[in-house]
Amino acid sequence: MTRREIKSWLMDMDGVLVHEEHAIPGANDFLNRLRETDTPFLVLTNNSIYTRRDLAARLRASGLEVPEEAIWTSALATAAFLQDQRPNGTAFVIGETGLTTALHESGYTLTERDPDYVVLGETRTYSFERITQAIRLIGLGARFIATNPDPT
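Just so it is clear, the structure is predicted and the values come from calculations on it, not from any experiment.

Asker: Give me the lowdown on the overall build of the protein, citing residues and values where you can.
Answerer: In terms of helices and strands, the protein carries five helices and nine strands. Written out in order from the N terminus, the α and β elements of the protein read β-β-β-α-β-α-β-α-β-α-β-β-α-β. Projecting the C-alpha coordinates of the protein onto the three principal axes gives extents of approximately 55 × 35 × 30 Å. A buried classification covers 37% of the 152 residues belonging to the protein. Counting only contacts in the protein whose residues sit at least 6 apart along the sequence, the fraction spanning at least 24 positions is 68%.

Asker: Lay out the sheet that holds strand β6 (residues 90-94) with the relevant residues and their values.
Answerer: By definition, the strands of a sheet pair up through backbone hydrogen bonds, in either a parallel or an antiparallel sense. Spatial ordering of the open sheet is given by β7-β6-β8-β9, a layout of four strands whose pairing is parallel. Looking at which strands have only one partner, the edges of the open sheet turn out to be β7 (109-110) and β9 (143-146). Where β6 lies against strand β8 (residues 117-120), four bridges are found, and the strand directions are parallel. Note on β8: the bridge partner recorded for Val 93 is Val 119.

Asker: Explain the packing of helix α3 (residues 74-85) against helix α4 (residues 97-105) to me, and be specific about the residues and the numbers.
Answerer: Each pair of packed helices can be summarised by the angle the axes make with each other and by the distance between the axes. In the contact formed by α3 and α4, the axes pass within 8 Å of each other and the chain directions differ by 30 degrees. Classified by the interaxial angle, the pair formed by α3 and α4 is roughly parallel. Crossing of α3 against α4: the hand is right-handed. Where α3 abuts α4, its residues Ala 75, Leu 76, Ala 79 and Leu 82 lie against Gly 98, Leu 99, Ala 102 and Leu 103. Of the residues in the contact of α3 with α4, the class split is seven nonpolar, one polar and no charged.

Rules and cut-offs
- Residue numbers here run from 1 along each chain, matching the order of that chain's written sequence.
- Reporting in this predicted model follows two pLDDT cut-offs: at least 70 for local features of residues, and 80 or more for side-chain atom pairs to be given and counted; totals over whole chains, interfaces and linings ignore these cut-offs and use all residues.
- Note that water and hydrogens are dropped before the side-chain values are worked out from all heavy atoms of the structure.
- Runs of E in the DSSP output that reach at least two residues are strands. Runs of H or I that reach at least four are helices, and both are numbered from the N terminus.
- For every residue, the accessible area obtained with a 1.4 Å probe (protein chains only) is divided by the maximum for its type, and the residue is called buried under 20%, exposed over 50%, and partly exposed between those limits.
- The contact rule is simple, with two residues in contact once any of their heavy atoms fall within 4.5 Å.
- Should DSSP find at least two bridges between two strands, the strands are regarded as paired.
- Throughout, an axis means a line fitted to C-alpha atoms (over the contacting stretch in the case of helices), and angles, computed between N-to-C directions, take values from 0 to 180 degrees.
- The scheme is simple: roughly parallel for angles under 35 degrees, roughly antiparallel for over 145, roughly perpendicular for 65 to 115, oblique for anything else.
- Should the near helix be turned anticlockwise from the far one by less than a right angle, the crossing is left-handed, and should it be turned clockwise, the crossing is right-handed.
- Three residue categories are used. Nonpolar comprises Ala, Val, Leu, Ile, Met, Phe, Trp, Tyr, Cys and Pro, charged comprises Asp, Glu, Lys and Arg, and polar comprises the others, including Gly.

Geometric values such as these leave the question of function open.
Next up, the structure:
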């Protein structure tokens, strides 16, 4: 069996590079080695709360240097998917800055009236009123998408 050359790395953030607010032992050495060998890498997270800038700052505070452009979130994936499905559409969003920023930057307009999509992301403050409104909008024809169906 021939060993194939590794041309790039995809890695999860939480539990792989950091645990809570602390770098995982060896994470900094690994990132330094990727930079030394000019190996492209992308840090992935299913957390849609934060923007790439927020996450880069969080990693920096943990002692890890990861440029914003090397971070990909579930919010960015959702925004790219929606832009592909219905360019420059509209969305009613339950979520935080990471999600709303990603949708705005992809060309989406956030609205509470007749949206193309109801988008559910992570938030620290789920509101009964917003959830009720989302259910009504889905009943009126808005399509539903969640940034991360992970029940945890």
